[in-house]
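# Results of the structural survey
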Amino acid sequence: MQLIQQDPDLSAYLAADEAIDHHHPQVRQTAARLAAGVADSYAYAQAAYEFVRDTIPHSADSGDPRVTWRASGVLERRTGICYAKAHALAALLRAEDIPTALCYQRLAHDDGGGHAVHGLVAVRFRGAWHRQDPRGNKPGVHARFSLDGERLAWVPDPAAGEEDYPLLYAAPHPAVLAALRAAPDRARLWESLPAAL
């Protein structure tokens, strides 16, 4: 699949916004701590990815009812669903001048009852975009950072109505952001997640 930039200006993928608030002290402090232990931007990107994937539990896995959506809030509260974790990773990467996009997949629910949009990121290295899924591993999910072929949590099955969306967004998709901002808790959020983009 060929990934397509929504905005042709690469600087859009370095910008801060309401959700990817990489100028927030919480984000800056976390980025500085991660950057202090690595040799270059590639190693930083992997460290940031592993930090978000491994130290911020996916709220559905941990049973946390809180809904987070701002990168700073995800880092502070240490919880979030896929979208929120993608916002946090995008903010940490952009804080160190690594162009980062938000991207999405349409996946079937585990129980087979419909679909939901899943959020991940793409990083720009070596003149190309590379998708990464910081959702968090669990039995049956083994995502990892890779610039040499995708190692995502899931590969969509077209026969099940699943798909990869090729568009790379500079800011969260409005339907995703609206669902996150409106939900008082994760149970209500689950009822309002977009089924498609």
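As a starting point, this report considers the structure included with it. Just so it is clear, the structure is predicted and the values come from calculations on it, not from any experiment.

## Comments concerning the packing of helix α2 (residues 41-55) against helix α5 (residues 82-95)
As a packed pair, α2 and α5 sit with axes 10 Å apart at the nearest point and diverge in direction by 155°. Considering their axes alone, α2 and α5 lie roughly antiparallel with respect to each other. Two packed elements cross with a definite hand, and for α2 against α5 that hand is right-handed. For the pair formed by α2 and α5, the contact residues are Tyr44, Ala45, Ala48, Tyr49, Phe51, Val52 and Arg53 on the first element and Lys85, Ala88, Leu89, Leu92 and Leu93 on the second. Here the contact of α2 with α5 is composed, by residue class, of 10 nonpolar, no polar and two charged.

## A few points about the sheet that holds strand β2 (residues 100-108)
Sheet architecture is open: four strands sit in the order β4-β3-β2-β5, paired in antiparallel fashion. The open sheet is flanked by β4 (128-132) and β5 (163-164), the only strands paired with a single partner. Lying over the sheet, α5 contacts β2 and β3 (115-125), oriented at roughly 10° with respect to β3.

## What about the environment of Gly140?
Within the secondary structure, Gly140 sits in the loop between β4 and β5. Along the chain, Gly140 and Ala153 lie 13 residues apart, while their C-alpha atoms are 8.5 Å from each other.

So, how was this worked out
- Residues numbered from 1 in each chain as written.
- Predicted model: local features only at pLDDT ≥ 70, side-chain atom pairs only at ≥ 80, totals over all residues.
- Heavy atoms only, no water.
- Axes fitted to C-alpha atoms, helices over the stretch in contact; angles between N-to-C directions.
- Helix = DSSP H or I, 4+ residues; strand = E, 2+ residues; numbered from the N terminus.
- Parallel < 35°, antiparallel > 145°, perpendicular 65-115°, else oblique.
- Left-handed = near helix turned anticlockwise from the far one by under 90°.
- Contact = heavy atoms within 4.5 Å.
- Nonpolar A, V, L, I, M, F, W, Y, C, P; charged D, E, K, R; others polar.
- Pairing = 2+ DSSP bridges.

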